[in-house]
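# Summary of the model geometry
Below are the chains, spelled out letter by letter.
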Amino acid sequence: QEQLHDTGGGLVQVGDSLRLSCDASGRTFSGYATGWFRQAPGKEREFVAAVSWSGESQYYEDSVEGRFTISRDRRDRGKNMVYLQMNSLKPEDTAVYYCAAARVMVNDPLGWDYWGQGTQVTVSS
């Protein structure tokens, strides 16, 4: 069964940048929108950003608008990579970040069909 593979997390300082990658290659995810969610300890999983299959439409949660950028790269044959560039990181961005895929972009995690295993992002002050 094809799976999403999300990578790129790490420990950074306040104000640093980090880029997360989601490998959504494979027929299963063809035509699907891709999104990023995050879950901090003791909190519910929340929407961060999403990009349409074409890459032309992007949506962001208010607290990351202007700091995070989501993009899709399908230039290489058979590859479908989605990136989340995170700049000006804050301690409140600390969470496990999950890549997800869905036919329709919604900000409710229940509306997404496939999930990566998650990657930890820790922002230290």
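For the structure itself, consult the block above.
Report on the accompanying structure. Residue positions are given per chain, counted from 1 along the sequence in the order it is written. At least 70 in pLDDT is required for a residue's local features to be given in this predicted model, at least 80 for side-chain atom pairs to be given and counted, and no such filter applies to totals for whole chains, interfaces and linings, which use all residues. Note that the side-chain values use all heavy atoms of the structure and ignore hydrogens as well as water.

### Concerning the overall build of the protein
- From N to C terminus, the protein includes zero helices and 11 strands.
- A run of DSSP states H or I qualifies as a helix once it reaches four residues; a run of E qualifies as a strand once it reaches two. Both are numbered from the N-terminal end. Starting at the N terminus, the α and β elements of the protein follow one another as β-β-β-β-β-β-β-β-β-β-β.
- Here the globule rule reads 2.2 Å times residues to the power 0.38, and the radius of gyration is calculated from C-alpha atoms. A globule of 125 residues ought to have a C-alpha radius of gyration of about 14 Å, and the protein, at 14 Å, matches this closely.
- Each principal axis of the C-alpha distribution contributes one length, and for the protein these read about 40 × 30 × 25 Å.

### Focus: the packing of aromatic side chains
- Pairs were defined over the aromatic rings of Phe, Tyr and Trp, the Trp ring being its six-membered one, requiring ring centres within 6.5 Å. Orientation was assigned from the angle between planes: stacked under 30 degrees, edge-to-face over 60, tilted for the rest. Tallying each qualifying case throughout the model produces six aromatic pairs.
- Their ring planes at 65° and their centres at 5.8 Å tell us that Y32 and Y114 sit as a pair that is edge-to-face. Taken together, the positions of Y32 in the loop between β3 (18-23) and β4 (33-39) and Y114 in strand β10 (residues 114-115) put the pair 82 residues apart, joining distant regions of the chain.
- Partly exposed residues are those whose accessible area sits between 20% and 50% of the maximum for their type, while under 20% is buried and over 50% is exposed, using a 1.4 Å probe and protein chains only. Note on Y32: relative accessible area 9%, which makes it buried.
- Exposure remark for Y114: the relative accessible area of 25% places this residue in the partly exposed category.
- On the numbers, 5.7 Å between centres and 75° between planes, the contact of F37 with F47 is edge-to-face. Here F37 is found in strand β4, whereas its partner F47 is found in strand β5 (residues 46-51), with 10 residues between them in sequence.
- Three or more aromatic residues joined by ring pairs make a cluster, and in this case those are F37, F47, Y98, W112 and W115.

### Considering the sheet that holds strand β8 (residues 81-86)
- With respect to topology, four strands assemble into an open sheet ordered β1-β3-β8-β7, the strand pairing being antiparallel. In this open sheet, the two strands that pair with only one neighbour each are β1 (5-7) and β7 (68-73). Here the strands of the sheet are splayed against their neighbours by 15° on average, with no regard to which way each runs.
- Between any two strands, at least two bridges found by DSSP are needed for them to pair. In this sheet, β8 lies alongside β7 in antiparallel orientation, the contact comprising six bridges. Residue F68 lies in a different strand from β8, and its bridge partner there is M86. As a rule, the C-alpha atoms of each element are fitted with a line to give its axis, helices using only the stretch in contact, and angles between N-to-C directions run from 0 to 180 degrees.

### As for the pairing of β4
- Across the seven residues of β4, six count as buried, placing the element largely inside the fold.
- In this sheet, strand β9 (residues 95-102) lies alongside β4 in antiparallel orientation, the contact comprising seven bridges. Across the sheet, T34 pairs through a bridge with A101, a residue of β9.
- Pairing between β4 and β5: five bridges, direction antiparallel.

### Topic: the pattern of salt bridges
- One side-chain nitrogen of Lys or Arg within 4 Å of one carboxyl oxygen of Asp or Glu is enough to make a salt bridge. Summed over the entire model, instances satisfying the criterion amount to five salt bridges.
- Its salt-bridge partner being R67, residue D93 comes within 2.8 Å of it at the nearest N-O pair. Highlighted residues: D93 in the loop between β8 and β9 and R67 in the loop between β6 (58-60) and β7, separated in sequence by 26 residues.
- As a salt-bridge pair, D73 and R75 come within 2.9 Å of each other at their nearest N and O atoms.
- According to the relative accessible area criterion, D73 is partly exposed, its value standing at 21%.
- One salt-bridge network, in which partners are shared between bridges, spans R38, E46, R67 and D93.

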